[in-house]
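Observations on the model geometry
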Amino acid sequence: MIRNAFYGEISPSAVLRADFDKFHQACSSLVNFDIDQMGGLQRRRGLKHMADAKSGSRIIPFVYNSGDTAIIELSNTHVRVFKNGSLANTTATSLFSGWSQAALRRIRYQQINDVVYLVSPDMPPYMLTRYADSNWQLEKIAWDNIPEETSLYQDDLMKAINGELSWSGVDDVLVGDIVRVTRRLPGTSLIHPKPYDQSSSTPLNQIVLRGMSVQYSSGSTINYYTCIQDWDPSYKGESNDPGSYGNYFRWGAFVTGKQPLPCKTAWSVTTAGEWKAGWYIVRQKEGAGVLNGYFDWDWETMKYMESSDGNMRNYSLSGLEDDLCLIGLVICWSSGNNVGNPQLDVDGFDLKQYCKITSKRPGFAGFVVSNYIGLSGSWETHDWSLEAFGHKNGYPRAIGFHQDRIWFGGTAKQPQTVWASAVGDYYNFDADEDGADASLRFTMAASGQNMICWISPQRGLAVGTTDAEWTLTGDKGIIDAEGSFFSVQSHVGSAADVDAAGIENGLVYVQRDKRHVRQYAYSLEADGYMAEDLTLLADHILQAGVVEVAYQRSPYPVLWCLLADGTCACLTYNMLQQVKAWGRVDTDGSIKSIAILPRADGLADEVWMLVERSGSWRLEAIKPDNPFVDGVSDYTSEMITNDLEFVQSMGAKKQDSKLMAYVKRDGDNVVTVSNDGVDWYAPGIDASEMDGWTAYWGMPKWDYSHRAGIRVSGNGKFELYGIKL
């Protein structure tokens, strides 16, 4: 009978299951061998030292494409990037100061092009952006519109008093937290009287700062200008007219004391009587500010209005603004005092703003607003919300991308809620926007408050909690605010601190006890998702507890599970062919973190590890062309079959029976063999003769403890494809 390792290492509890077909294609021990999908074994390549690492750090992959990859190292003091094993960038940071490696492992990441997004229950969401291979920046995500705790009215009344906010929970927020405030602004009118003293011109022989207004008289006409770049008298030529210096002055100026009006609704402008002047109606949608006491000039001109001796007329204009903006009137020129007194009217509307807390005292919080419209005066509102991700509510544990949205989930305050950005607008979580592309928020209708652990795109959005597995689906596969809902798929529960990994046509996740791995894939027969236990036949192999997972795609799918004892368990996996073969990887040291990088040449993916050896942390990699040594140390590959009871069932009990092994080798190997998995001895054959079917074992007798074992060391290739009598 020929045996191979098609099912890898299986549980010791199957020791008497000779009646089980898979028993005869499995091993009791399989260490430091790669298992291919046909059941053959190849001695794994060695771990090559690439760089020194920071103690207590963790690594994650960066993959722009298969030819542009890097390893990112996160540590207490730095974020470092390694390209081709060489240090490319170092960014000092205090963000992870004092964090243990267990805390660093809680960081989840998702990459879009040159940006890696980082989330953790211990910090606000961050982004690591590559601007060049030697220029990486770690920055807190700056939201255009924050994810909100709620869009509902609050029972608690918020008040603004003398530039401070007050509500019953104000003492629970910290400086830096964000509060969304929505209040009703009444309709407003702005009537323009005579703009300036027109008796004299503003001389250009003095300094004029950007944003200030000047005027110039020419006969009976006065022209008004705004300085758009700081002016120094040394710039002046022969002309006294600011209009001659277009790089420094622009025609038109706001009237002193007549500030533009905020608008997100209907507006109108009217003039009346006889007048001689020219006016702009201007609009600023974002970015306007006050500079040197005057409004900075960066405005869109909507309409020019003019009335003169040859063109005496009045205006009645109106418009409707969908987005928050400022609307104002700019005087360009006038003749005499008759400037027309144009009137700007703006209807009332609900103004939403984000207030950043800048100071604290008992019962009150100072603040600044996120845009150019202030929150001056005293007012009160029930329409407000804290940011969903903050000191009081906690930070998201899970992150994912699906249907061109970035998704976050699982805060301490809202453990079963997910938030999604607007489509293609990853920093926009405006809860007031409507439409299919608007941001989303969903909460599971579950009987308990079990934390979301991972988010993954599947047929819909797959979401795992510590209690169950769910999918979020929508009409025709599109998730939006209408017709989308959560449905539970299985009741297993996930480990809170280990992310799921996409693999072939599904995903795998670590069960809550950290000792089992589940395949989560859609089943046509069940018309839903199934959570198959991939450790069913090897329930012993993850007993140390999984702390990280990584997925290798080439040359065949392998799931790497880093265990708490510093070793790895590896699952060769093929869903369609039902290949599930476990093996183990160890080394002279302790493996601390793991990441996978593809190769541009299409050869086997590179397996990168942080390894602690003799107290030193090292960045090492398994590459397809590495020698068969770990650094400078040898390592041993071991295969031990299950018990050979099947020999007795065939009636083969000869005292001189021999076992044969089919081997391919190249290099200097040291081989020992065993017939019980305990005692090891030389095979009685020169290593140079080990090619094809070769006799290795002489069996002195048969009993129920017989096993065939091979151990291989030395710097040489060794492949084992089967054994037989």
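Please refer to the structure placed before this passage.
Residues numbered from 1 in each chain as written. Predicted model: local features only at pLDDT ≥ 70, side-chain atom pairs only at ≥ 80, totals over all residues. Heavy atoms only, no water.

Some thoughts on the packing of aromatic side chains
What counts, and what does not: Centre distance within 6.5 Å is the pairing criterion for rings of Phe, Tyr and Trp, where only the six-membered ring of Trp is used; planes under 30 degrees apart are then read as stacked, over 60 as edge-to-face, and the remainder as tilted. What counts as a helix is a DSSP run of H or I of at least four residues, what counts as a strand is a run of E of at least two, and both are numbered from the N terminus. Throughout this description, buried means an accessible area under 20% of the type-specific maximum (1.4 Å probe, protein chains only), exposed means over 50%, and partly exposed covers the range between.
Applying the stated criterion across every chain yields a total of 30 aromatic pairs. Between W275 and Y315, the aromatic rings sit 6.3 Å apart at their centres with planes inclined by 55 degrees, giving tilted as the arrangement. Residue W275 is located in the loop between β22 (266-270) and β23 (277-284), and its partner Y315 is located in the loop between β26 (300-307) and β27 (316-320); the two are separated by 40 residues in the primary sequence. The pair formed by W275 and Y315 is uniform in burial state, with each residue classed as buried. With 6.0 Å between their ring centres and 70 degrees between their planes, W454 and Y520 make a pair best called edge-to-face.

Thoughts on the sheet that holds strand β36 (residues 417-420)
Applied cut-off: At least two DSSP bridges between two strands are needed for those strands to be called paired. Throughout, an axis means a line fitted to C-alpha atoms (over the contacting stretch in the case of helices), and angles, computed between N-to-C directions, take values from 0 to 180 degrees.
Taken in spatial order, the 4 strands of this open sheet run β34-β35-β36-β37, and their pairing is antiparallel. Strands with a single pairing partner mark the edges of an open sheet, and in this sheet they are β34 (398-402) and β37 (440-443). For this sheet, the mean inter-axis angle between neighbouring strands, taken without regard to orientation, is 20 degrees. Bridge count for β36 against β37 is 4 bridges, and the pairing is antiparallel. Paired with W419 across the two strands is R441, which belongs to β37.

Regarding the pattern of salt bridges
If the charged atoms of two oppositely charged side chains come close together, the side chains can form a pair. Note the threshold: One speaks of a salt bridge when a side-chain nitrogen belonging to Lys or Arg is within 4 Å of a carboxyl oxygen belonging to Asp or Glu.
Within the structure shown, the criterion is met by 32 salt bridges. Two residues, D499 and R108, come together in a salt bridge whose shortest N-O distance is 3.6 Å. One end of the pair, D499, is in the loop between β41 (485-490) and β42 (501-503); the other, R108, is in strand β9 (residues 108-112), with 391 residues separating them in the sequence. Salt bridges sharing partners connect three or more residues here, namely E148, R180, K352, D383, D430 and D432.

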